[in-house]
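Listed here are the chains, written in short residue letters.
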Amino acid sequence: MEATDTLLWEIDEEARRLEGCSLEEILTWGAQRFQHSALACSFGAEDVVLVDAIVHEQLPIDIFYLDTQLLFKETYQTRDRLAQRYGRTFLSFQPRISLGEQAAQFGDRLWERRPDQCCALRKVEPLRRALQGRQMWITGIRREQAPTRARARVVEWDAKNGLVKLNPLAAWTSKEVWDRIVARRIPYNPLHDLNYPSIGCWPCTTPVQPGEDLRAGRWRGTGKIECGIHQ
Ligand code: SF4
């Protein structure tokens, strides 16, 4: 998709207007305005709220996940509970190489030595394939999650991937997310109850301590706080 001046101007205007709109209004606008939209779902708290809203509003939005083959078993169980509850299929995008091939080519436990390379192979490249042919993707990014996300707008131009990016929960607080989950009895990952506010691959995710940043448990001790699909 081409980032014309007209499109960039529209995105800027809509980012301002949508700031005060509900989750349902934002998703509906995005689904009507852009074709072949998709939610990138990690089955975390924000994403299950988005799945619930997309299904409830009957919006023509695909839902996919990046199966790194290193997800927690609780994450796969959450996927299956959501599929059963909502009757939706979640598209799976996997790395081009297996864990065995990765170990043979780059050495065992690449995530401990070169996590950026591991994320590039197992997340960033599969995301590129997941976004091919799409005009818009949707994420569960919230501004309060991390300093790297503090300036996220409700709708943005994603120059890295060449399409529109919708962040309908950008302004939401953690409390608002959990109030929605409880009110609508949305299935969620049980690891959230064990102090995992942000859940990725099992080798790179730990619980957080009181007062820590919501993403402090990701790649702990490495200085890395993003996998590369948003930054
Ligand atoms: S989060 Fe860790 S295990 Fe998962 S792809 Fe990135 S470096 Fe590899």
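Read on for a plain summary of the structure. Not measured: the values here are computed from a predicted model.

**Topic: the pattern of salt bridges**
Now for step 1: This model, assessed by the stated rule, comprises 17 salt bridges.
Now for step 2: In this structure, Arg 134 and Asp 62 form a salt bridge, with 3.0 Å as the shortest nitrogen-oxygen distance. Placement of the pair is Arg 134 in the loop between helix H7 (115–131) and strand E4 (136–138) and Asp 62 in strand E2 (residues 62–66), with a sequence separation of 72 residues.
Now for step 3: In this structure Asp 62 comes out as partly exposed when scored by relative accessible area, which is 33%.
Now for step 4: Arg 129 serves as the salt-bridge partner of Glu 125, at 2.6 Å between the closest nitrogen and oxygen. On the criterion of helical spacing, the pair formed by Glu 125 and Arg 129 is a turn pair, its members being 4 residues apart in helix H7.
Now for step 5: The exposure class of Glu 125 is partly exposed, given its relative accessible area of 22%.
Now for step 6: Through salt bridges that share partners, Asp 12, Glu 13, Arg 16 and Arg 153 make up one connected network.

**Considering the sheet that holds strand E6 (residues 163–166)**
Now for step 1: Here 6 strands make up an open sheet; going across it, the order is E3-E2-E1-E4-E6-E5 and the pairing mixed. The open sheet has two free edges, formed respectively by strand E3 (91–93) and strand E5 (155–158), since each of these has just one partner strand. When the angles between neighbouring strand axes are averaged without regard to direction, this sheet yields 30°.
Now for step 2: Contacts from helix H3 (residues 45–56) reach strand E1 (38–40), E2 and E4, with the element oriented near 160° to E1.

**What to know about the site of the ligand**
Now for step 1: What surrounds the ligand is the set Leu 70, Trp 111, Pro 115, Cys 118, Cys 119, Arg 122, Cys 201, Cys 204 and Trp 219.
Now for step 2: Counting residues per element, the shell around the ligand draws most heavily on H7, at 4 residues.

**Some words on the packing of aromatic side chains**
Now for step 1: Inspection of the entire model under this criterion finds 7 aromatic pairs.
Now for step 2: Ring centres of Phe 43 and Tyr 65 lie 5.2 Å apart, and the angle between their planes is 65°; on these two criteria the pair is classed as edge-to-face. Linking Phe 43 in the loop between E1 and H3 with Tyr 65 in strand E2, this pair joins segments that are 22 residues apart in sequence.
Now for step 3: Three or more aromatic residues joined by ring pairs make a cluster, and in this case those are Phe 43, Tyr 65 and Phe 90.

The rules behind these values
- Residues numbered from 1 in each chain as written.
- Predicted model: local features only at pLDDT ≥ 70, side-chain atom pairs only at ≥ 80, totals over all residues.
- Heavy atoms only, no water.
- Salt bridge = Lys/Arg side-chain N within 4 Å of Asp/Glu carboxyl O.
- Helix = DSSP H or I, 4+ residues; strand = E, 2+ residues; numbered from the N terminus.
- Buried < 20%, exposed > 50% of the residue type's maximum accessible area, 1.4 Å probe, protein only.
- Pairing = 2+ DSSP bridges.
- Axes fitted to C-alpha atoms, helices over the stretch in contact; angles between N-to-C directions.
- Contact = heavy atoms within 4.5 Å.
- Near = heavy atom within 4 Å.
- Phe/Tyr/Trp six-rings, centres within 6.5 Å; stacked < 30°, edge-to-face > 60°.

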